[in-house]
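# Per-entry structural report
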Amino acid sequence: VPVDGQLIVIDPDKLADVLGLPQIERLVAGVSLAELLEGLRDDQKLDLAAYVLQDPGGNVTSIRPHIKLPGARPYLPGSSLKGALRTALAYALINDGVEHVRTQDLGRTRYWASSRLERALFGRDPNHDLLRALHVGDSEGADWQAGLRLVQVAVYSIRHQRGLAPKGARFRFHLETIPEGVSLTAPARRDNFILAPDQAHQLHFGERPEYLLRLPQHANRLAERLIDQERDFYQRYGPRRLVEFYDRLGNM
């Protein structure tokens, strides 16, 4: 709900406390929330807020929310962080020739294409998975006033192999993001008991524990590769601003 250059994201519980049954029926029937709250003063609308975002301008009809902790604090899930680290470890193992990728190793659907390869890289089942030895928790939550921004994004496509062009209004949408410059800390630890030689031998880890011990280097190695790929793409198709962005990122 827009109020004085801001967007109020309504707390459903607070809203339910002030709406009568006729108003709830109007909402269910498709009346917009802004229309339903037209009669309220700005301070009354603010009382209903779960949090407040700066209005990015334009017509904001819906928002794709960022995952949050209680108190509207955006955070990064440990499962997502661990998935990224797992990808970095897989890249290192394949790149160093510990496991070779063949076409027949890939599954028939995009959802499970890597299943056979992941079993070869990390272990045949969850009990024998190398990543049992890595525990990654959720990050801390950022304060929504400093750690949450509403931005409009657009999908672009390559046009005539010359440059990027937006695909149209249907491919523009608003989403909540954690802005540049906000740092979040997440806990991570290794289970060194599982990585000890006797246990590692029983779990058929082979030489893979050494890769897990050097995980930060492997993650940076993959990041550098991805930065190079993105920079090369935008050098070919533009815009120049993104080339400069990846140049700065690569020099960090």
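What you see is a predicted model; the values in this text were computed from it and never measured.

Moving on, we come to a nonpolar patch on the surface. A cluster of nonpolar side chains, namely Leu21, Ile24 and Val28, defines an oily patch on the protein surface of about 300 Å² accessible area. By secondary structure assignment, the location of Ile24 is in helix H2 (residues 21-28).

Direction vectors running N to C along helix H5 (residues 78-95) and helix H11 (residues 215-237) enclose 85 degrees, while the axes themselves pass 8 Å from each other. Taken together, H5 and H11 sit at an angle that is classed as roughly perpendicular. Contact residues: Leu85, Thr87, Ala88, Leu89, Tyr91, Ala92 and Asn95 in H5; Leu215, His218, Ala219, Arg221, Leu222 and Arg225 in H11. Of the residues assigned to the contact of H5 with H11, the class counts are eight nonpolar, three polar and two charged.

The three strands lie next to each other as E4-E11-E8, forming an open sheet whose pairing is mixed. Of all strands in the sheet, those with a lone pairing partner are strand E4 (63-64) and strand E8 (149-154), marking the two edges. Two strands pair when backbone bridges link them, and E8 and strand E11 (residues 172-177) are joined in this way by six bridges, in the antiparallel orientation. Bridged to Gln152 within E11 is His174.

Further remarks concern the packing of aromatic side chains. With the rule as written, the count across this model stands at five aromatic pairs. With a centroid separation of 6.3 Å and an interplanar angle of 50 degrees, the aromatic rings of Tyr51 and Trp144 are classed as tilted. Of this pair, Tyr51 sits in strand E3 (residues 49-54) while Trp144 is found in helix H7 (residues 144-147), placing the two residues 93 residues apart along the sequence. You can call Tyr51 buried: its relative accessible area is 7%. Between Phe233 and Tyr234, the aromatic rings sit 5.0 Å apart at their centres with planes inclined by 85 degrees, giving edge-to-face as the arrangement. Its relative accessible area of 16% is what places Tyr234 among the buried residues.

All right, on to the sheet that holds strand E1 (residues 2-3) then. Across a sheet, strands are paired by hydrogen bonds formed along the backbone, either parallel or antiparallel in direction. As summarised here, the arrangement of the three strands in space is E1-E2-E3, forming an open sheet in which the pairing is antiparallel. Edge positions in the sheet fall to E1 and E3, since each has one partner strand and no second. Inspection of the sheet shows E1 paired to strand E2 (residues 6-10) by two bridges, in the antiparallel sense. Along E2, the bridge assignment pairs Val3 with Gln6.

The rules we used
- Residues numbered from 1 in each chain as written.
- Predicted model: local features only at pLDDT ≥ 70, side-chain atom pairs only at ≥ 80, totals over all residues.
- Heavy atoms only, no water.
- Patch = residues over 30% accessible without salt bridge, like charges linked within 9 Å, V, L, I, M, F, W, Y side chains within 5 Å.
- Areas by Shrake-Rupley, 256 points an atom, 1.4 Å probe, with all protein chains shown as cover.
- Salt bridge = Lys/Arg side-chain N within 4 Å of Asp/Glu carboxyl O.
- Helix = DSSP H or I, 4+ residues; strand = E, 2+ residues; numbered from the N terminus.
- Axes fitted to C-alpha atoms, helices over the stretch in contact; angles between N-to-C directions.
- Parallel < 35°, antiparallel > 145°, perpendicular 65-115°, else oblique.
- Contact = heavy atoms within 4.5 Å.
- Nonpolar A, V, L, I, M, F, W, Y, C, P; charged D, E, K, R; others polar.
- Pairing = 2+ DSSP bridges.
- Phe/Tyr/Trp six-rings, centres within 6.5 Å; stacked < 30°, edge-to-face > 60°.
- Buried < 20%, exposed > 50% of the residue type's maximum accessible area, 1.4 Å probe, protein only.

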